[in-house]
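Results of the structural survey
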Amino acid sequence: MEWLSGMLHKYPELAVYLALAIGYWVGHFRFGGFSLGSVTGSLAAGILVGYLFEVPVSSTAKSLLFLLFLFGIGYSVGPQFFKTMRGEGLRWVLLTIFTAATGLLAAYSVARLLHLDAGFSAGLLSGALTESPAIGTASEAIKALPIPELEQQRLIGHIAVADALCYIFGAFGVIFFCSILGPRLLGIDLRAEAEKLETEFGLKRTKAGIASAWQTFGMRAYRIATGGAVVNRTVAEAEALVPKARVFVMRIRRGEEIVEAGADTVIREGDVLAVSGRSEVLIEALGARATEVADRELLDVPVASYEVLVTGNTLAGRTLEDIGRDDAMRGVFLRHIRRGEQMIPIAAHTEIERGDVLTITGPEHAVIEVAALVGEVIRPSDTTDFVTLGLAIVVGALVGAVVAIPVGKLHISIGTSVGTLLAGLVVGWLRTAHPLFGRIPDAAISFMTSIGLATFVAMVGMIAGPLFIVALREVGLALLLGGAVVTLAPLIGGLYFGRYVLRLNPLLLLGGLAGAQTMTAALAAVQDRSGSPIAVLGYSGTYAFGHVLLTTWGTVIVVLMS
């Protein structure tokens, strides 16, 4: 043990990697659907390593990783953040502001009641509201206080201790409230509510976890018989005979000749049509009216499937039902909608938002034309725009350090961490208008956010390790009970505010509360108990704004308690 202690003291970077490995391993254990997660696991592992071994922690390395994380988070949620402040999104913004403000007020009240210092208060807030990034903003705020450095380190250690204590009920409480207690307080049956909402949106339910060999979209060849219903009609008229089905005639064989079909092309007896559409529609609508034939040459059409980032106004703000009637979308079909990290259900009344990533499929030429109207094709890339990344962090951090908010006789800067977060938001938002600007692959963003936050909290945990037992004896039980109050207060208040003031759909409201608390596991629990993915529409409306507000509260709670 002495040898290992000496090695970790000499090479502290090894202690960080050890804490990361233990943290990710422990964080992935599940207990009845609940897990600590990699971030809280890394924090707990850091506390353990710091308690067992004397490990020096570099403040420069800690800040470097945290700023990288904050920029990555801002970059990823930027499009959603600015979109939610317009139109219908305002109701979700109001819900997020209400729940976040209630959480801050509850944390401040409990901290005052328990006579907690600024460190314990910040940890109470970050753990109970399950927002680990607030550890970083609070730490920076503490380092800006006019107190001795040793006192600053003691308070920062208290943040980690309180966060670790309060997070367990914080995570469990959000999951339990959104999936079980919340529905009971509203008097709703989640499954019945989900079925009703799916009907309103035009969503067809499929069995969870079942993957089918069925080809959703296809192209088939049909020979037009003498006296057929489409004989002497134009292609546009023939397609209109199957309303709302989005069936398209793409090519026609006429004798030995193959021609591309246009809207005004007239169909004749004996023609063989290459028809694209949903497979079940082709079978049900055309199978009994025409003779299917095997014509490899006719059906040998290049088919493309692209991911497209929605950047323009052609689709943004429109429902899929409305978009499906647009002639510009002829021959192209939608496979997936991704909003941030969440998959959005495809239904008639699902609304497309700027920043969404659409997976579209169809004949290559049609897909290319539609992609140009929609936005920018996302092509596989492993290149990161480090110029924009570096300059954005520098500018954001400098602005955060310079801009100060007057609080009584003091002027408190918003801090380099909040400034970097805002810089990430701006760059992420600009990316939707100028897709070639500040391009960072999704995998790189995922690595930045994962390694940045987990390593940062592991290092904070190592600072807290030597103080853990003393601090636990000092405020352990009081923090656990106070944390439960802080967790539940914004959830209960947000539930009734969202339902009876904002008039939000109850199922979407529960998803929205999970998003406002940035707890993806709570969304998954709601989806599991409702048997439907549709609650994600509420989650996506609050998640981005919730992340920004709760992260900022780390600075605010330190200012209030100081």
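These numbers come from a predicted model, not from an experiment. (Residues numbered from 1 in each chain as written. Predicted model: local features only at pLDDT ≥ 70, side-chain atom pairs only at ≥ 80, totals over all residues. Heavy atoms only, no water.)

Topic: the overall build of the protein
The following threshold applies: Counting from the N terminus, the helices are the DSSP runs of H or I reaching at least four residues and the strands are the DSSP runs of E reaching at least two. Each residue's exposure class comes from its accessible area (1.4 Å probe, protein chains only) as a fraction of the maximum for that residue type: buried when under 20%, exposed when over 50%, partly exposed otherwise. Residue exposure ignores everything except the shown protein chains as possible cover, and the areas themselves are Shrake-Rupley values with a 1.4 Å probe.
The helix and strand inventory of the protein stands at 21 helices and twelve strands. Sorting the 562 residues of the protein into buried and exposed places 53% on the buried side. By element, 62% of the accessible surface of the protein is carried by carbon and sulfur atoms, the whole surface being about 25,800 Å².

A short note on the pattern of salt bridges
Put simply, the rule is: Salt bridge criterion: a side-chain nitrogen from Lys or Arg within 4 Å of a carboxyl oxygen from Asp or Glu.
Applying the stated criterion across every chain, the model contains 14 salt bridges. Among the salt bridges present, the one from Arg154 reaches Asp117, with a minimum N-O distance of 3.9 Å. Of the two residues, Arg154 is situated in helix H8 (residues 149-186) and Asp117 in the loop between helix H5 (89-113) and helix H6 (118-128); the sequence distance between them amounts to 37 residues. Here Asp356 and Arg339 are joined by a salt bridge, their closest N and O atoms 2.8 Å apart. Linking Asp356 in the loop between strand S8 (342-343) and strand S9 (357-363) with Arg339 in strand S7 (residues 333-339), this pair joins segments that are 17 residues apart in sequence.

Looking at the sheet that holds S7
Stated formally: Pairing between strands is defined by DSSP: at least two bridges between them are needed. We call two residues in contact when some of their heavy atoms are within 4.5 Å. In this analysis an axis means a line fitted to C-alpha atoms, helices contributing only their contacting stretch, and an angle means the value between N-to-C directions, from 0 to 180 degrees.
Within the open sheet, the five strands sit side by side as S8-S7-S9-S6-S10. Their pairing is antiparallel. The sheet terminates laterally at S8 and strand S10 (375-377), the two strands that pair on one side only. In this structure, S7 lies alongside S9, joined through five bridges in antiparallel fashion. Its bridge partner lying in S9, Leu334 is registered against Ile360. Relative to the sheet, helix H14 (residues 364-374) contacts strand S6 (303-310), S9 and S10, its axis offset from that of S9 by approximately 150°.

Some points on H14
Short version of the rule: By definition, the arc is the one covered by directions from the helix axis to the C-beta atoms.
Among all positions of H14, only Ala366, Val367, Val370, Ala371 and Val374 are buried. Each buried residue of H14 sits inside an arc of 130° when the element is viewed along its axis, so together they form one side. Facing away from the buried surface of H14 by more than 90 degrees, the exposed residues are Glu369 and Ala372. In this fold, the buried residues of H14 make contact with S6, S9 and S10.

Topic: the pairing of S7
On a regular strand, one side chain projects to one face of the sheet and the next to the other, so that they alternate. Summarising the sheet, S7 and S8 pair through two bridges and their orientation is antiparallel. Each residue of the ladder has a partner; that of Arg339, found in S8, is Gln342.

Some remarks on the confidence of the model for the protein
Put simply, the test is: Residue-level confidence of the predictor is what pLDDT reports, using numbers from 0 through 100.
Per-chain confidence: the protein averages 82 in pLDDT, with 90% of residues scoring 70 or above. Note on residues 207-215: pLDDT is under 50 here. Beyond four places in sequence and across chains, it has four contacts.

Overview of the side chain of Gln152
Operational definition: In protein, a polar contact means a hydrogen-donor-capable atom and an acceptor-capable atom, both N or O and within 3.5 Å, with residues adjacent in sequence counting only if both atoms are side-chain atoms; elsewhere, any N or O pair within 3.5 Å suffices.
Relative to the elements of secondary structure, Gln152 occurs in helix H8. Within the local environment of Gln152, its side chain forms a polar contact with the backbone oxygen of Ile147, the two atoms lying 3.3 Å apart. With sequence-adjacent residues up to four places away left out, Gln152 is seen in contact with Ile142, Lys143, Leu145 and Ile147.

As for the nonpolar core
Keep this limit in mind: As used here, the term nonpolar core means buried Ala, Val, Leu, Ile, Met, Phe, Trp, Tyr and Cys residues forming a set that is joined through side-chain atoms within 4.5 Å.
Leu358, Ile360, Leu479 and Val558 are the most contacted members of the largest nonpolar core, which totals 118 residues. At 16 residues, the largest contribution of residues to this core is made by H8. In contact with Leu479, other than residues within four places in its own chain, are Leu116, Phe120, Leu124, Ala162, Leu165 and Cys166. Core analysis: the second largest hydrophobic core is formed by 16 residues, Tyr222, Ala245, Val275 and Ala290 among them.

Concerning a nonpolar patch on the surface
What counts, and what does not: For patches, a residue must show more than 30% relative accessible area and have no salt bridge; joins then use 9 Å for like charges and 5 Å for nonpolar side chains, namely Val, Leu, Ile, Met, Phe, Trp and Tyr.
Nonpolar side chains collect at one region of the surface, where Leu185, Ile492, Tyr496, Tyr500 and Val501 lie side by side and expose about 440 Å² of accessible area between them. Along the polypeptide, Tyr496 turns up in helix H18 (residues 468-500).

Concerning the environment of Gly482
Tracing the backbone shows Gly482 in helix H18. Of the residues examined, Gly482 reaches a relative accessible area of 7% and is grouped as buried. In the structure, Gly482 is positioned 369 residues away from Leu113 in sequence and 9.3 Å away in space, judged by C-alpha atoms.

Concerning the packing of aromatic side chains
The geometry of two aromatic rings is summed up by the distance between their centres and the angle between their planes. Our working definition: Two rings from Phe, Tyr or Trp (for Trp, the six-membered ring) form a pair when their centres sit within 6.5 Å of each other. Planes less than 30 degrees apart are called stacked, planes more than 60 degrees apart edge-to-face, and all others tilted.
All told, the structure shown has ten aromatic pairs when counted by the stated rule. Consider the rings of Phe71 and Tyr75, whose centres lie 6.0 Å apart with planes at 35°: the pair is tilted. Placement of the pair is Phe71 and Tyr75 together in helix H4 (residues 59-83), with a separation of four residues, close to one helical turn. Tyr75 matches Phe71 in its accessibility class, with the two residues each being buried.

Regarding the packing of H6 against H18
Keep this limit in mind: An angle below 35 degrees is read as roughly parallel, one above 145 as roughly antiparallel, one from 65 to 115 as roughly perpendicular, and any other as oblique. For any helix crossing, the convention is left-handed if the near helix is rotated counterclockwise from the far helix by under a right angle, and right-handed if that rotation is clockwise.
Two numbers describe how H6 lies on H18: the axes approach to 10 Å, and their chain directions differ by 45°. For the element pair H6 / H18, the angle class is oblique. Crossing of H6 over H18 shows right-handed handedness. Facing H6, whose interface residues are Phe120, Leu124 and Ala128, H18 presents Ala471, Glu474, Val475, Leu479, Gly482, Gly483, Val486 and Thr487.

Re the side chain of Thr359
Mapped onto the secondary structure, Thr359 falls in strand S9. Not counting residues within four places of it along the chain, the set of residues in contact with Thr359 comprises Ser305, Tyr306, Glu307, Phe333, Leu334, Arg335 and His336.

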